[in-house]
Amino acid sequence: MWQVASEKLNPEVQTLVGHEGRVWAIAFHPNGQILASCSEDYTIRLWDVASTRSLVTLSGI
């Protein structure tokens, strides 16, 4: 995750570890507490933003 408003060269805030391929897209739940990500490893993961823990992994294969 990144701080978009940061003027730093590397504004990375947190790295979420779990996908085994390139992440294609992410989306935040409207409450801001859950993040969904989909990857070329054919999985969708739901993440707890506060703890950066993977909550659920859905497989497309």
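Keep in mind that this is a model prediction, so the values were computed, not measured.

Participant: Give me the lowdown on the pairing of strand 4 (residues 53–59), citing residues and values where you can.
Facilitator: By the bridge criterion, 6 bridges tie strand 3 (residues 43–48) to strand 4 in an arrangement that is antiparallel. Bridge assignment links Thr-43 to a residue of strand 4, and that residue is Ser-59. Adjacent in sequence and paired antiparallel, strand 3 and strand 4 are bridged by 4 residues, among which Thr-52 carries a positive phi angle near 60°.

Participant: Describe in detail the pairing of strand 3, supporting the description with residues and values.
Facilitator: Burial along strand 3 is one-sided: the face carrying Thr-43, Arg-45 and Trp-47 is buried and the face carrying Ile-44, Leu-46 and Asp-48 is not. Across 5 bridges, strand 2 (residues 34–39) lies against strand 3 in antiparallel orientation. Note on strand 3: the bridge partner recorded for Ala-36 is Leu-46.

Scoring rules and cut-offs
Residues numbered from 1 in each chain as written. Predicted model: local features only at pLDDT ≥ 70, side-chain atom pairs only at ≥ 80, totals over all residues. Heavy atoms only, no water. Pairing = 2+ DSSP bridges. Helix = DSSP H or I, 4+ residues; strand = E, 2+ residues; numbered from the N terminus. Buried < 20%, exposed > 50% of the residue type's maximum accessible area, 1.4 Å probe, protein only.

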